[in-house]
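Structural overview for review
So the chains spell out like this:
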Amino acid sequence: MSDWEERDPDAGRRNENCTASANESNRPQTLVSVRGLQKQFGATVVLKGVDFAVQPGQIHALLGGNGAGKSTMIRIITGDLTYDGGTVEFGSKRGDRPVVAVVHQELAVLPHLTLAENIGIVHARSFIEPYSARRAENIASKALSLIDPHLAATSLSRMGGDLTLHEAQIVEIARALSTGAEVLLLDEPTANLTVAETERLFAVLQRLAQETGIGIVFVSHRMKEIRQLCDVCTIIRDGRTVVNARPIADLTDAEIVRHMGQPAHRNSNSEAARTRSDHVEVTLVGPGIELPVHLGTILGLAGSPDGPSGLISTLIGKAGTSQWSLKGEGWPSRPTAPIASVRNGIGYVTGDRAHKGVLAQLPIIDNVLASRRIREKRRYISRSERAECGDLVRTLGVKVDSIWSVPSTLSGGNQQKLLIARWLGMPLRMVVLEEPTRGVDIGTKREIYALIRKMADSGTIIVWWSTENVELLEICDEILAFDTDGRCTGPLAHETYNEDALADLTGMAA
Amino acid sequence: MNTEAQSISRALNIGPSILGTYRTEIAIAIAIVVLMLGVGAFIPAALSAGNFANILQAAAPLVIMSLGVLLVVLTGGIDLSVGSVFSLTGMVTALIMSWGWGSVPSAAAGLGVGLIFGSINGLLVTAVGLAPFVVTLITYAVAGSLAFIVTNGRSMGIGAPDFWLLNSGQLIPGIANYVLFCVAFAALLELALRKMTFGRWFYAVGSSANAAHLLGVPVKRTRFSAYVFSSLMASFAGLLTVSYILNAESTAGASLMLQAIAAVVIGGASLFGGTGSAIGAVLGALMITVIQNGVNLIGINSFWQGSVTGIAILIAVLIDRFSHK
């Protein structure tokens with residue numbers, strides 16, 4: 001097996017020199033080509049004939065609703081799954097080297113290894129090979145310098161656990177490149193990134209595609225990012241390819257949404273100034289700011305994750321060193337624990353679904369009703385809870401076999417709905433949401449927006465943190481902006497807000 | 001679309017099927033019956049009423065201990081101290097009786113051992129935040145050595161003439177107390193775990209302590225009570241054994257800790273927390289006892305017991321692994 005460290009690190013320059021490596025002679029060849037792909041799980045036909053091809057240097061958007069068959073196809077391409085019909089061909093055959101590398105939504109950076117080790121670890125030539133820190137560093141710095149020379153120069157010995165999400169993502173990309181992958185597949189890579197980090201990632205990806213000629217497949221639900229980054233798009237719907245590698249400029253947003261099989265909603269903006277009570281229910285008191293909040297307000301929090309975290313942790317009973325507090329009759333100034341928040345009628349939908357959200361081994365009924373039992377001081381599990389849970393699940397349109405199945409059997413979008421179901425139909429004073437639409441398709445997003453509005457209309461205060469400014473502008477009555485240093489840069493009233501003003505206040509491109 | 005919605009709503013309203021909920025437990029019950037019939041094919045006496053009573057008597061302390069360990073395992077923890085607490089309880093009880101105290105105060109003092117060590121385990125795990133394995137390894141060692149210290153290593157006979165009643169008396173006529181205790185504790189725990197809100201908390205904490213905390217579950221209190229319960233059950237099992245053999249020994253519980261953990265695992269609990277049931281733990285304990293009983297009856301050298309039990313654990317875990325999905 002030839003090794004990365006013996007290869008010229010700067011593949012871009014190599015292109016210009018036109019050295020006749022195996023890679024180069026294949027240059028115009030399609031990197032991955034999938035034709036008529038079929039796959040069945042038991043009686044369920046998931047893929048009914050999918051076509052998909054990636055060309056060198058291309059940034060290819062792969063779109064489709066939750067459950068359309070994207071992930072199944074990806075898992076077949078990477079060799080995780082077998083297929084029942086059709087063909088999967090790779091432009092170059094290189095023995096056991098992976099041609100396609102996937103950068104997953106859940107980042108696989110090992111916290112107790114250094115950055116260099118995190119990349120070098122996939123390069124052990126044999127099981128008994130002595131570990132060489134220098135070799136790992138060489139491999140890592142060569143791979144990294146292609147993408148982020150600054151990180152390569154400064155951070156090789158930092159621990160994986162200390163990296164920011166953006167840096168961890170860069171490390172994953174570098175790891176994929178270091179194995180000689182020709183196609184890089186990114187599954188919602190921006191889900192955890194701020195707008196600024198997203199911009200940086202896109203710059204990296206575009207440079208990579210141009211200079212090294214690798215193909216990049218980008219899976220995302222964010223239309224704006226897709227337009228900004230991608231050249232062509234393929235849309236999968238119900239296990240079939242409905243749009244095959246069309247230039248993205250040829251399609252309007254509405255067309256894309258239609259192809260994905262979801263009704264194109266009109267922006268049902270809250271412009272029709274929803275009638276709100278004039279009574280100030282609670283005042284949020286932070287460093288240098290006091291914000292009165294009315295019943296039924298949807299308050300958006302804009303900015304990088306560090307910005308609103310102080311306010312959010314106060315609200316959910318994990319105040320710690322947060323400088324925020326609450327002022328209002330019957331409101332605790334700083335709930336002492338999450339249980340105090342729940343008892344005071346403050347609900348919370350976490351942004352970290354996998355680690356702080358679902359109770360993976362527990363049946364759906366326990367997942368949905370856990371907080372309700374505590375809030376309503378129910379001691380016993382009564383039979384009527386079954387109907388209660390069934391109603392909630394149905395109201396939200398969560399696709400489940402039974403309320404006794406476990407959440408790990410559900411797709412990400414459906415898990416997200418479960419988290420929201422926890423707080424639905426319960427008299428709550430406030431619900432705190434962290435990126436509730438992250439990783440869900442457009443149709444589900446609309447449903448979630450509608451649910452949140454309904455909650456607000458019933459008098460619940462909604463506190464909504466999102467890194468998607470457009471989303472906030474569409475949904476919220478008021479927006480509290482935080483700059484990149486985490487300082488609150490002030491509230492925007494509904495009448496005055498727009499993308500530019502928000503970009504200004506958060507210090508990030510909209 | 002419409003039919004899909006209907007089938008969903010139909011599926012949602014039905015309760016959990018007994019077969020689905022207790023799949024693992026049913027499989028173990030069948031395995032136990034098969035095992036007993038297998039032994040019975042060689043040794044007919046294995047299927048006599050007398051031998052059933054033997055098995056139940058031998059299983060009783062393990063069953064009760066396993067119920068305690070189960071609760072800790074559900075929360076994602078482990079309790080290595082139960083065997084030592086079992087021994088120490090017996091020694092303390094016997095010692096106090098030798099001072100002329102009656103059965104009830106001596107037994108209460110014995111249970112006090114469980115309460116103290118359970119609280120220490122619980123506090124070190126929740127308030128100090130140490131790993132359950134480390135904490136209970138410490139109390140395992142300390143309680144184990146105290147069991148020797150209290151009598152200087154001598155075994156001790158039971159002084160109180162009425163103490164045998166705890167194990168072999170009949171609170172309900174016709175049913176020996178040790179059977180009654182097993183059934184009652186198992187039924188109460190199973191009911192609490194399924195039908196009480198706080199019972200679901202043990203599963204929630206074991207599934208994701210972070211998520212449970214944010215949902216308002218009192219994670220620390222739940223964990224703490226699991227350790228106290230576990231030690232109390234170990235203490236009670238110790239009393240029961242002493243009451244049966246009317247003699248306390250410093251090493252009485254030495255082999256029981258691993259057996260209790262094995263019973264819980266055979267019964268379908270995951271050592272990562274979040275899954276398991278009281279009925280499963282009881283059946284796991286019964287299975288281990290039936291294996292030991294069979295090995296004895298067939299006349300295999302009893303040194304083989306551990307190997308046979310180990311293979312039984314492997315088989316149970318494999319069945320569990322492949323019957324889910």
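Note that the structure is a prediction, hence the values are computed from the model and not measured.

1. Digging into the overall build of chain A
Assigned secondary structure in chain A consists of 19 helices and 18 strands. In chain A, of all internal contacts separated by at least 6 residues, the share reaching a separation of at least 24 is 68%. Summed over its atoms, the accessible surface of chain A is roughly 21500 Å², and 51% of this surface lies on carbon and sulfur atoms.

2. Re unusual backbone geometry
Of note in this structure, A:Ala245 is not a glycine but carries a positive phi near 50 degrees. Position of A:Ala245 relative to the elements: it lies in strand E9 (residues 240-247). Positioned with a positive phi, B:Leu246 is a non-glycine residue whose angle comes to about 55 degrees. As for its placement among the helices and strands, B:Leu246 is situated in the loop between helix H12 (219-245) and strand E2 (247-248). On the basis of relative accessibility, which here comes to 38%, the residue B:Leu246 falls in the partly exposed class.

3. Some words on the interface of chain B and chain A
If you look at the interface, chain B gives 30 residues, while chain A gives 36 residues. Carbon and sulfur atoms supply 61% of the area that chain B and chain A bury against each other, a total of about 2800 Å² over both sides. For the pair chain B and chain A, the interface holds 1 salt bridge. B:Arg200 serves as the salt-bridge partner of A:Asp366, at 2.4 Å between the closest nitrogen and oxygen. Put simply, the parts of the chain that give the side of chain B that touches chain A at least two residues each are helix H1 (2-13), helix H9 (177-195), helix H10 (197-207) and helix H11 (209-214) of chain B. Examining the composition of the side of chain B that touches chain A, we find that 6 residues originate from one element, H10(B), more than from any other. When its residues are assigned to classes, the side of chain B that touches chain A shows 15 nonpolar, 12 polar and 3 charged.

4. Describing helix H15 (residues 384-396) of chain A
Residue and element names in this part refer to chain A. In a regular helix each residue adds 1.5 Å, so 13 residues correspond to 18 Å; H15 covers 19 Å between its end C-alpha atoms and thus fits that length. Among the residues making up H15, those that are buried are Glu-385, Arg-386, Cys-389, Gly-390, Leu-392, Val-393 and Leu-396. The buried residues of H15 occupy an angular sector of 165 degrees when the element is viewed end-on, so they sit on one face. Taken from the residues just after H15, Gly-397 is the one with a positive phi, measuring 65 degrees.

5. Topic: the packing of aromatic side chains
Residues and elements named next belong to chain A. With the rule as written, the count across this model stands at 7 aromatic pairs over all chains. Judged by centre distance (5.7 Å) and plane angle (80 degrees), the ring pair of Phe-202 and Phe-218 falls under edge-to-face. With Phe-202 in helix H8 (residues 195-212) and Phe-218 in strand E7 (residues 215-219), this pair connects stretches of sequence that are 16 residues apart. Side by side, Phe-202 and Phe-218 carry an identical accessibility label, which is buried.

6. Some remarks on the environment of B:Phe181
Residue and element names in this part refer to chain B. Here Phe-181 is to be found in helix H9. Using a relative accessible area of 14% as the deciding quantity, one classes Phe-181 as buried. Residues Phe-181 and Val-92 lie 89 residues apart in sequence; the distance between their C-alpha atoms is 22 Å. Beyond its immediate chain neighbours, meaning those up to four positions away, Phe-181 contacts Ile-64, Leu-166, Phe-236 and Leu-240.

7. Let's talk about a nonpolar patch on the surface
Residue and element names in this part refer to chain B. Together, Phe-133, Val-134, Leu-137, Ile-138, Tyr-140, Val-142, Leu-146 and Ile-149 give the surface a local cluster of nonpolar side chains, amounting to about 690 Å² of exposed area. Structurally, the position occupied by Val-134 is in helix H7 (residues 132-149). Here Val-134 falls in the partly exposed class, since its relative accessible area comes to 43%.

8. Regarding the packing of H9(B) against H10(B)
All names here are of chain B. Packing of H9 against H10 leaves a shortest axis separation of 5 Å and a crossing angle of 80 degrees. The orientation of H9 with respect to H10, classified from their angle, is roughly perpendicular. Between H9 and H10, the residues in contact are Ala-192, Leu-193, Arg-194 and Lys-195 and Thr-197, Phe-198, Gly-199, Arg-200, Phe-202 and Tyr-203, respectively. Taken together, the residues of the contact of H9 with H10 break down into 5 nonpolar, 2 polar and 3 charged.

9. Side note on the pattern of salt bridges
In the structure shown here, the tally under the stated rule is 15 salt bridges over all chains. One network of salt bridges, in which partners are shared, links A:Asp366, A:Arg373, A:Glu376, A:Arg378, A:Glu385, A:Glu388 and B:Arg200.

10. Points about the confidence of the model for chain B
All names here are of chain B. Averaged over all residues, the pLDDT of chain B equals 90, while 93% of them reach at least 70. Within chain B, the element-level pLDDT minimum falls on H1, averaging 47, and the maximum on H12, averaging 97. Note on residues 1-9: pLDDT under 50 across the span, and 2 contacts to partners over four residues away in sequence or across chains. Scored by ipTM, the complex comes to 0.78, with pTM at 0.76.

11. Quick look at the side chain of A:Glu385
By the element assignment, A:Glu385 lies in helix H15. Those residues within four positions of A:Glu385 in sequence are excluded, and the remaining contacts are A:Ile365, A:Leu369, A:Arg373, A:Arg378 and A:Tyr380.

12. Quick word on the environment of A:Gln228
All names here are of chain A. Take Gln-228: it is sitting in helix H9 (residues 223-229). Its relative accessible area of 39% is what places Gln-228 among the partly exposed residues. Separated by 29 residues in the primary sequence, Gln-228 and Glu-199 place their C-alpha atoms 9.6 Å from one another. Beyond its immediate stretch of four places on either side in the chain, Gln-228 contacts Glu-199, Phe-202 and Gln-206. At 3.5 Å, the side chain of Gln-228 and the side chain of Glu-199 are in polar contact.

13. Some thoughts on the packing of helix H4 (residues 49-74) of chain B against H12(B)
Residue and element names in this part refer to chain B. Here H4 crosses H12 at 170 degrees, and the two axes come no closer than 7 Å. As far as their axial angle goes, H12 and H4 are roughly antiparallel. Between H4 and H12, the contacting residues are Gln-57, Ala-60, Pro-61, Ile-64, Met-65, Leu-67, Gly-68, Val-69, Leu-71 and Val-72 on the first element and Ala-226, Tyr-227, Phe-229, Ser-230, Met-233, Ala-234, Phe-236, Ala-237, Leu-240, Thr-241 and Tyr-244 on the second. For the contact of H4 with H12, the class distribution of residues is 17 nonpolar, 4 polar and no charged.

14. Some thoughts on the pairing of strand E1 (residues 32-41) of chain A
All names here are of chain A. Note: E1 against strand E4 (residues 85-90), 5 bridges, orientation antiparallel. Directly across from Gln-38, in E4, lies its bridge partner Gly-85. Here 8 bridges tie E1 to strand E2 (residues 44-54), and the two strands are oriented antiparallel to one another. Within E2, the position partnered with Gln-38 by the bridge is Lys-48.

15. Quick look at the confidence of the model for chain A
All names here are of chain A. Residue-level pLDDT values for chain A average 80, and 85% of them are 70 or greater. Between residues 1-27, whose pLDDT stays under 50, and residues either more than four places distant or in other chains, the model counts 45 contacts. In this model residues 263-275 is a low-confidence stretch, pLDDT under 50, and it forms 21 contacts with partners more than four residues away in sequence or in other chains.

16. Quick word on the pairing of strand E11 (residues 289-294) of chain A
Residues and elements named next belong to chain A. Bridge count between strand E10 (residues 280-286) and E11: 6 bridges; the pairing is antiparallel. The residue of E11 that forms the bridge with Val-282 is Val-293. The antiparallel pairing of E10 with E11 creates a hairpin that spans 2 residues between the two strands, and Gly-288 there sits at a positive phi of about 75 degrees.

Calculation notes
- Residues numbered from 1 in each chain as written.
- Chains lettered and ligands numbered in written order.
- Predicted model: local features only at pLDDT ≥ 70, side-chain atom pairs only at ≥ 80, totals over all residues.
- Heavy atoms only, no water.
- Helix = DSSP H or I, 4+ residues; strand = E, 2+ residues; numbered from the N terminus.
- Contact = heavy atoms within 4.5 Å.
- Areas by Shrake-Rupley, 256 points an atom, 1.4 Å probe, with all protein chains shown as cover.
- Buried < 20%, exposed > 50% of the residue type's maximum accessible area, 1.4 Å probe, protein only.
- Buried area = accessible area lost by both parts, 1.4 Å probe.
- Salt bridge = Lys/Arg side-chain N within 4 Å of Asp/Glu carboxyl O.
- Nonpolar A, V, L, I, M, F, W, Y, C, P; charged D, E, K, R; others polar.
- Expected span 1.5 Å × (residues − 1).
- Arc of directions from axis to C-beta.
- Phe/Tyr/Trp six-rings, centres within 6.5 Å; stacked < 30°, edge-to-face > 60°.
- Patch = residues over 30% accessible without salt bridge, like charges linked within 9 Å, V, L, I, M, F, W, Y side chains within 5 Å.
- Axes fitted to C-alpha atoms, helices over the stretch in contact; angles between N-to-C directions.
- Parallel < 35°, antiparallel > 145°, perpendicular 65-115°, else oblique.
- pLDDT = per-residue confidence, 0-100.
- Polar contact = N/O pair within 3.5 Å; in protein donor to acceptor, adjacent residues only side chain to side chain.
- Pairing = 2+ DSSP bridges.

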